[in-house]
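So you can see what is in the structure, the chains are spelled out below.
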Amino acid sequence: MDNETFRRHAHALVDWMADYMAGVEHYPVRARVAPGSIAAQMADAPPEQGEPFEAIFEDFREIVLPGMTHWQHPGFFAYFPANSSPPSVLAEMLTATLAAQCMLWQTSPAATELEGRMMEWLSQALALPQGFHGSIQASASEATLSALLMARERATDYASNAQGLAMSGERLAVYCSEDAHSSVEKGARVAGYGAQMVRKIPVDETRAIRPDALEAAIRRDVAAGIKPACVVACIGGTGTGGMDDVWAVAQIARSHGAFVHVDAAWAGSALILPEWRHIADGLELVDSFVFNPHKWLLTNFDCSAHYVREPEALQRTLSLVPEYLRTHGAEGITDYSNWSVPLGRRFRALKLWFVLRSYGLEGLRAILRRHIDLAARAHDALSAEPDFEITSPLRLALFTFRHRPEGLSDEALDAHNERLLAALNDTGQVYFTQTRVNGRYVIRFQVGQTNTEARHVDAALDLIRKTARTPG
Ligand SMILES: *Cc1c(COP(=O)(O)O)cnc(C)c1O
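Residues numbered from 1 in each chain as written. Predicted model: local features only at pLDDT ≥ 70, side-chain atom pairs only at ≥ 80, totals over all residues. Heavy atoms only, no water.

## Points about the overall build of the protein
The number of helices and strands found in the protein is 14 helices and 11 strands. Whereas a compact globule of 472 residues would reach a radius of gyration of roughly 23 Å, the protein reaches 24 Å, a difference of no more than 12%. Overall, the C-alpha framework of the protein stretches about 70 × 60 × 45 Å when taken along its three principal axes. Residues classed as buried in the protein amount to 52% of the 472 residues present. Accessible area for the protein stands at about 21,600 Å²; split by element, carbon and sulfur atoms hold 54% of it. Charge separation in the protein, taken as the distance between the mean sites of 44 positive and 56 negative side-chain charges, equals 3 Å. (Helix = DSSP H or I, 4+ residues; strand = E, 2+ residues; numbered from the N terminus. Rg over C-alpha atoms; globule rule 2.2 N^0.38 Å. Buried < 20%, exposed > 50% of the residue type's maximum accessible area, 1.4 Å probe, protein only. Areas by Shrake-Rupley, 256 points an atom, 1.4 Å probe, with all protein chains shown as cover. Lys, Arg positive; Asp, Glu negative; His and termini not counted. Charge placed at Lys NZ, Arg CZ, Asp CG, Glu CD.)

## Side note on the site of the ligand
Taken together, 13 residues sit near the ligand, with Ala 140, Ser 141, Asp 263, Asn 292 and Lys 295 positioned nearest. Interatomic distance of 2.6 Å between a side-chain N/O atom of Asp 263 and a nitrogen atom of the ligand. A distance of 3.3 Å separates an oxygen atom of the ligand from a polar side-chain atom of His 294. Considered on its own, the ligand offers 380 Å² of accessible surface; in the complex 87% of this is hidden by protein. Mapped by element, the contributors of at least two residues to the shell around the ligand are helix 5 (140-155) and helix 10 (293-296). Of the residues belonging to the shell around the ligand, the class tally is 3 nonpolar, 8 polar and 2 charged. (Near = heavy atom within 4 Å. Polar contact = N/O pair within 3.5 Å; in protein donor to acceptor, adjacent residues only side chain to side chain. Nonpolar A, V, L, I, M, F, W, Y, C, P; charged D, E, K, R; others polar.)

## Re the sheet that holds strand 10 (residues 433-437)
Spatial strand order, 8-9-11-10: 4 strands in an open sheet with antiparallel pairing. Here the strands that pair on one side only, and so sit at the sheet edges, are strand 8 (388-395) and strand 10. The average undirected angle you get between the axes of adjacent strands in this sheet is 35°. The pairing of strand 9 (residues 398-403) with strand 11 (residues 440-446) spans 4 bridges and is antiparallel. In the sheet register, Phe 401 faces strand 11, and the bridge partner there is Ile 443. Strands in contact with helix 12 (residues 349-383) are strand 8, strand 9 and strand 11; relative to strand 8, the strand with the most contacts, it is inclined by about 155°. (Pairing = 2+ DSSP bridges. Axes fitted to C-alpha atoms, helices over the stretch in contact; angles between N-to-C directions. Contact = heavy atoms within 4.5 Å.)

## With respect to the nonpolar core
Phe 289, Phe 432 and Phe 445 are the most contacted members of the largest nonpolar core, which has 91 residues in total. Of the residues forming this core, the biggest block, 13 residues, is contributed by helix 12. When residues no more than four places from it in sequence are discounted, the contact partners of Phe 432 are Phe 77, Ala 78, Leu 421, Leu 424, Asn 425, Ile 443, Arg 444, Phe 445, Ala 460 and Ile 464. Within the second largest apolar cluster, 27 residues are counted, among which are Met 150, Ala 155, Leu 172 and Tyr 193. (Core = buried A, V, L, I, M, F, W, Y, C linked by side-chain atoms within 4.5 Å.)

## A closer look at the sheet that holds strand 4 (residues 227-234)
Ordered by their spatial adjacency, 7 strands build an open sheet running 1-7-6-5-4-2-3, and the pairing between neighbours is mixed. Only two strands of the sheet have a single neighbouring strand rather than two, namely strand 1 (133-137) and strand 3 (198-201). Adjacent strand axes in the sheet meet at a mean angle of 20° when their direction is disregarded. With 5 bridges joining them, strand 1 and strand 7 (residues 304-308) adopt antiparallel strand pairing. If you follow Gln 137 over to strand 7, its bridge partner there is Ser 304. Packed on one face of the sheet, helix 5 meets strand 1, strand 2 (172-177), strand 4, strand 5 (259-263), strand 6 (288-291) and strand 7 and runs near 175° to strand 5.

## Remarks on the domain arrangement of the protein
Assigned domains of the protein: these are domain 1 (3-69), domain 2 (101-346) and domain 3 (361-468). Computed from C-alpha coordinates alone, the two centres of domain 2 and domain 3 are separated by 31 Å. Taken together, the contact pairs 23 residues of domain 2 with 21 residues of domain 3. Roughly 1,800 Å² of surface becomes buried between domain 2 and domain 3 when both sides are summed, with 69% attributable to carbon and sulfur atoms. Across the domain 2-domain 3 interface, the total number found is 1 salt bridge. Between Glu 275 and Arg 369 there is a salt bridge, with its nearest N and O atoms 2.6 Å apart. (Domains from an automatic or database assignment. Buried area = accessible area lost by both parts, 1.4 Å probe. Salt bridge = Lys/Arg side-chain N within 4 Å of Asp/Glu carboxyl O.)

## Digging into the pattern of salt bridges
Enumeration over the complete set of coordinates arrives at 36 salt bridges. Among the ionic pairs, Asp 302 bridges to Arg 348, the shortest N-O distance being 3.1 Å. Residue Asp 302 is found in the loop between helix 10 and strand 7, and its partner Arg 348 is found in the loop between helix 11 (311-318) and helix 12; the two are separated by 46 residues along the sequence. For the residue pair Asp 302 and Arg 348, the accessibility class agrees, reading buried in each case. Note that Asp 414 is salt-bridged to Arg 440, the shortest N-O span being 2.6 Å. Placement of Asp 414 in helix 13 (residues 410-426) and of Arg 440 in strand 11 is noted, with a sequence separation of 26 residues between them.

## What about the packing of helix 13 against helix 14 (residues 454-469)?
A pair of packed helices can be characterised by two numbers: the angle between their axes and the separation between those axes. Contact geometry for helix 13 and helix 14: axes closest at 10 Å, N-to-C directions at 130°. As judged from the angle between their axes, helix 13 and helix 14 are oblique. For the pair helix 13 and helix 14, the crossing hand works out as right-handed. On helix 14, the residues touching His 416, Leu 420, Ala 423 and Leu 424 of helix 13 are Leu 463, Ile 464, Thr 467 and Ala 468. Its residues placed into classes, the contact of helix 13 with helix 14 shows 6 nonpolar, 2 polar and no charged. (Parallel < 35°, antiparallel > 145°, perpendicular 65-115°, else oblique. Left-handed = near helix turned anticlockwise from the far one by under 90°.)

## Observations regarding the packing of aromatic side chains
Across all of its chains, the model carries 24 aromatic pairs by this definition. Ring plane angle 50° and centroid distance 6.4 Å describe the contact between Phe 401 and Phe 445, whose orientation is recorded as tilted. Residue Phe 401 is found in strand 9, and its partner Phe 445 is found in strand 11; the two are separated by 44 residues along the sequence. The pair Phe 401 / Phe 445 is uniform in exposure class, with both members buried. (Phe/Tyr/Trp six-rings, centres within 6.5 Å; stacked < 30°, edge-to-face > 60°.)

This is the structure we're talking about:
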């Protein structure tokens, strides 16, 4: 494609992008396609001759778009948000255009230095305790894996990296709540601890890890000659938003010499709100902390902020520098590829810079407060309905509920709410997902898409009431 053709199509695409953003709420939120139906419309083999961009873009609109779930639809109440914003999209356009590999300082000094500065800005924005050093990783799962690797090396005095965990002579255990995200167990598998060495500690009625049960589990392991290597606490669990008591967890972990990592993938963004900082009490005692600006801070995926207290330990765990990656003659530089598992790195700090400068912290606070208020509005509306049950309390902008008409058994209620969820999502106006609370099927109500307003939440509530009460 020559440059003039690129210019012409780029202008047309920007118009399409702005139209899409303006009209996204007219698409069905969740894709309405059968498995395999998109692939069936694609050619079986790559073309031998190049095709005009018009034909490619036509297929994007006709084949791809109907198979997309519209995460930026203001009726998106599913999972957690992966919200975005115009300044973030603009930055991504520039990042794609520069197409730089930002693995080392010298492979793009501005990317490295902007990343350092953005991690300092976010640390101030969230009022993190002094002494954390951050880098951007692709996902919370990667940051948690890095933390588990750091913990493994600390517990084996770096013998595991050198000889393998089996030869280090240590048996190591990892602790998290039974509600912890699957990335903790996955990381423990990948890091060589083994899934069986992950202790899933019971939670209390608020879905927070029980400190007494954590202490007891650690003591049992220590008595059996197993070393407690890592404790992962969670602020804002995936199912119902449960909040571990970081202070209590960290004190227990530290008294046994274990590394402490905090997973605040979703809820961490709320720390920009002074009135919510208490959910992170105790963070000054932890070794590692991750949250995802790509969830609830208007920044396109991927952008996960990972903070550690000892960047030297992280680099000692992950850095491996062959001659061809050495930077000669530059003192005091940071090579962020030594802070994460992959070598290659996208220029991800640019979109954060654009977002933070475009909105300012006050602008971002206003949006998050709106989401939290709207979730409370939905929560209060369903609480007031006699045939609806709130099944877990409002936490930030998330609660769970079920429809509970009289006279149905628990099993029948599960099936009823599963049908309700499917019927809601089939309307195309909203998208909700489910979880289980005390074994029962419940629907999660999460507000976090950048442009969700009161009218979207009110329309969703009307739809829920109407659909739930429609016999069938
Ligand atoms: C979303 C989420 C994750 C996973 O985040 P990725 O960035 O997709 O890896 C981990 N933990 C919690 C609590 C989450 O909500």
